[in-house]
Amino acid sequence: MEAGAGSLDPSLDIHDAWQRRYRLRTDLALEAHEVVVEREGPPEIPGVAVETEETPVGTVSRVAITTEAGARAMGKLPGNYTTIEAPALRRRDQEAMEEAAAIIGREVAAFLQRWQVPLDGEVLVVGLGNWNATPDAIGPRTVHHLIVTRHFYYLAPPDARRGARPVAAISPGVLGITGLETAEIVQGLVRQINPALVVCIDALAARSTDRLGTTVQIADAGIQPGSGVGNKRFGITRQTLGVPVLAIGVPTVVHALTVVADGLERMAARAGQAARPRPEVPPPAPAPAGPAPGVDATVPLPDPGWILRGAPPGLSPAPPPPMPPAPAMPAPGAAASYGAAAALGPPASKVERAVLEDVLQPYMGDLIMTPKEIDVLVEDAAEMIAEALNQGLHPDLALNRLILAATGA
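All chains use their own residue numbering, which begins from 1 and follows the written sequence. Reporting of local features is limited, given that this is a predicted model, to residues whose pLDDT is at least 70; pairs of side-chain atoms are given and counted only at 80 or more, and all residues count toward the totals for whole chains, interfaces and linings. As a rule here, side-chain values come from all non-hydrogen atoms in the structure, and water together with hydrogens is ignored.

Before going further, it helps to examine helix α4 (residues 94-115). What counts as a helix is a DSSP run of H or I of at least four residues, what counts as a strand is a run of E of at least two, and both are numbered from the N terminus. Each residue after the first adds 1.5 Å to the expected span of a helix. Compared with an ideal rise of 1.5 Å per residue, which puts 22 residues at 32 Å, α4 spans 32 Å between its outermost C-alpha atoms and is within 8% of the ideal. For α4, every residue scored as buried is listed here: Ala96, Met97, Ala100, Ala101, Ile103, Ile104, Gly105, Glu107, Val108, Phe111, Leu112 and Trp115. Here α4 starts with a cap whose side-chain oxygen sits 3.0 Å from the backbone nitrogen of Glu95, and that cap is Asp93. Of the residues flanking the end of α4, it is Gln116, one or two places downstream, whose phi is positive at about 60 degrees. Relative accessibility decides the category of a residue: with a 1.4 Å probe and only protein chains considered, values under 20% of the type maximum give buried, values over 50% give exposed, and everything between is partly exposed. Pairing of N or O atoms within 3.5 Å defines a polar contact, subject to two protein rules: one partner must be a possible hydrogen donor and the other a possible acceptor, and residues neighboring in sequence count only if both atoms are side-chain atoms.

Written out as structure tokens, the structure reads:
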């Protein structure tokens, strides 16, 4: 998609253009970077910087999209995308959940410091999603576990406010429940209370099933609800609200088309590894001409088949059946494909993914898949994100002191 020389217009649908190009759906910038590098080849993408940090609980990856060219290549708006991958979350490791929450809290605090949000700056937390659909309920459930302080903060004396900030939260629902666009509700609240920051929590779509429930993405580019599942609504960004927007998401769903295509690619890759070119074996030395020493050339050689057929001796040996020509071995360094590799071919291309879409229609083409334990994963993720926000938004919260001071108890 072409863009002008000025700043990137969020209305330019670079996300849809990226999906049409690669036939994939993902909300994770890290996965988009992996796809571009895998399909296009170069390890570096102009205008995109990637930084990786290993922690005891998992990997923290920071993707910075700084130019319009990088945004078009990645299918994401310019901004900073931090991804925390903690595979132990799938096992419900309580220690890993606490460590991951601490990492997320530090990343949230770093974004606030980058924007220079004051310690007493009000924060509005928006839990996006449909609380009636479990895979889409991370936002509302996070708000349920979040510590909200706005109603206590302004009633308490200044001494009791130390280490806390005013935090308000709302779960606006979805268009099908309220009849209102979520962005319209958030815009009205922002105009009314004028927060210093808006934090949006939402469920995301991933490319890899391994990242479902084990990955958290934090981005300062805002969020476009429903984009990962093809039900895109109005964006909630700094351009639409007029205040900084921090988006936090956890992938809970993956497209059936992506699962099938990735499965075929992995099968082809494994078959290709099993069918690597065999080392060349030198041919045996030619046998000397004439009969072997001590063998009478006038006596016909026995046919080995007589052992099985029980033919009487003395008969002339039957001529051996013609042998099929041996397949030519590939030259050293050349690609080889045998069996399944030849049937599957190279990793699924755009054309092959289009064929898969036709095969999976009319129902499976838009089928969204989620793990069977999604209710547990969503609840754990909601508690973890709520704890991370409590740590990142309140440097040293003493909630009991704040409540007692506000209520005069």
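The discussion continues.
Describing an aromatic ring pair means giving the distance of the ring centres and the angle of the ring planes. A pair of Phe, Tyr and Trp rings is counted when the ring centres sit within 6.5 Å of each other, with Trp represented by its six-membered ring. The angle between the planes then sorts it: under 30 degrees is stacked, over 60 is edge-to-face, the rest tilted. Tallied over the full model, the rule gives three aromatic pairs. Their ring planes at 45 degrees and their centres at 5.0 Å tell us that Trp18 and Tyr22 sit as a pair that is tilted. On the criterion of helical spacing, the pair formed by Trp18 and Tyr22 is a turn pair, its members being four residues apart in helix α1 (residues 14-22). For Trp18, a relative accessible area of 3% corresponds to the buried category. Owing to a relative accessible area of 3%, Tyr22 belongs among the buried residues under this scheme. Definition used: whenever NZ (Lys) or CZ (Arg) falls within 6 Å of the ring centre and also within 35 degrees of the ring normal, the charge is taken to sit over that ring. Lying over the aromatic face of Phe111, Arg114 brings its terminal NZ or CZ to 4.9 Å of the ring centre.

Side chains of Asp93, Glu95, Glu98, Glu99 and Glu387 sit close together on the surface and give a patch of like negative charge. Here the element with the most residues in the negative patch is α4; it accounts for three residues. Relative to the helices and strands, Glu95 resides in helix α4. Excluding any residue in a salt bridge, patches collect residues exceeding 30% relative accessible area, merging like charges within 9 Å and nonpolar Val, Leu, Ile, Met, Phe, Trp and Tyr side chains within 5 Å. Here the accessible surface of atoms and residues is derived via Shrake-Rupley with a 1.4 Å probe, and residues count as covered only by protein chains that are part of the display. Any carboxyl oxygen of Asp or Glu that lies within 4 Å of a side-chain nitrogen of Lys or Arg is treated as forming a salt bridge with it. Charge convention: Lys and Arg are scored as positive, Asp and Glu as negative, and His as well as the terminal groups of each chain are ignored. Lysine's charge is taken at NZ, arginine's at CZ, aspartate's at CG and glutamate's at CD.

On to empty space enclosed by the protein. For each structure, a 1 Å grid was placed over the protein atoms alone; sets of points admitting a 1.4 Å probe that cannot get out are labelled cavities, open sets with protein on both sides within 12 Å along at least five of seven lines are labelled pockets, and lining residues have an atom within 4 Å of a point. Grid points are joined across faces, edges and corners, and a volume is the space filled by probe spheres set on the points. Counted according to the given criterion, the structure contains one cavity of 30 Å³ or more. Space inside the largest cavity adds up to approximately 60 Å³. Taken together, Leu89, Met97, Gly213, Leu377, Asp380, Ala381 and Met384 make up the full set of residues lining the largest cavity. If you tally residues by element for the lining of the largest cavity, the top one is helix α14 (residues 374-393), at four residues. Gly counts as polar in this scheme, as do all residues outside two lists: the nonpolar Ala, Val, Leu, Ile, Met, Phe, Trp, Tyr, Cys and Pro, and the charged Asp, Glu, Lys and Arg. Residue composition of the lining of the largest cavity, by class: five nonpolar, one polar and one charged.

To continue, consider the pattern of salt bridges. Per the stated rule, a full pass over the model turns up eleven salt bridges. Between Arg92 and Asp380 there is a salt bridge; the shortest N-O distance is 2.8 Å. Of this pair, Arg92 sits in the loop between β3 (79-85) and α4 while Asp380 sits in helix α14, placing them 288 residues apart in sequence. Residue class for Arg92 comes out partly exposed when judged on its relative accessible area of 48%. Between Arg150 and Glu122 there is a salt bridge, with the nearest N and O atoms lying 2.5 Å from each other. Of this pair, Arg150 sits in helix α6 (residues 150-153) while Glu122 sits in the loop between α4 and β4 (123-127), placing them 28 residues apart in sequence. Note on Arg150: relative accessible area 31%, which makes it partly exposed. Among the ionic contacts, a cluster of salt bridges with common partners joins Glu31, Glu34, Glu85 and Arg211.

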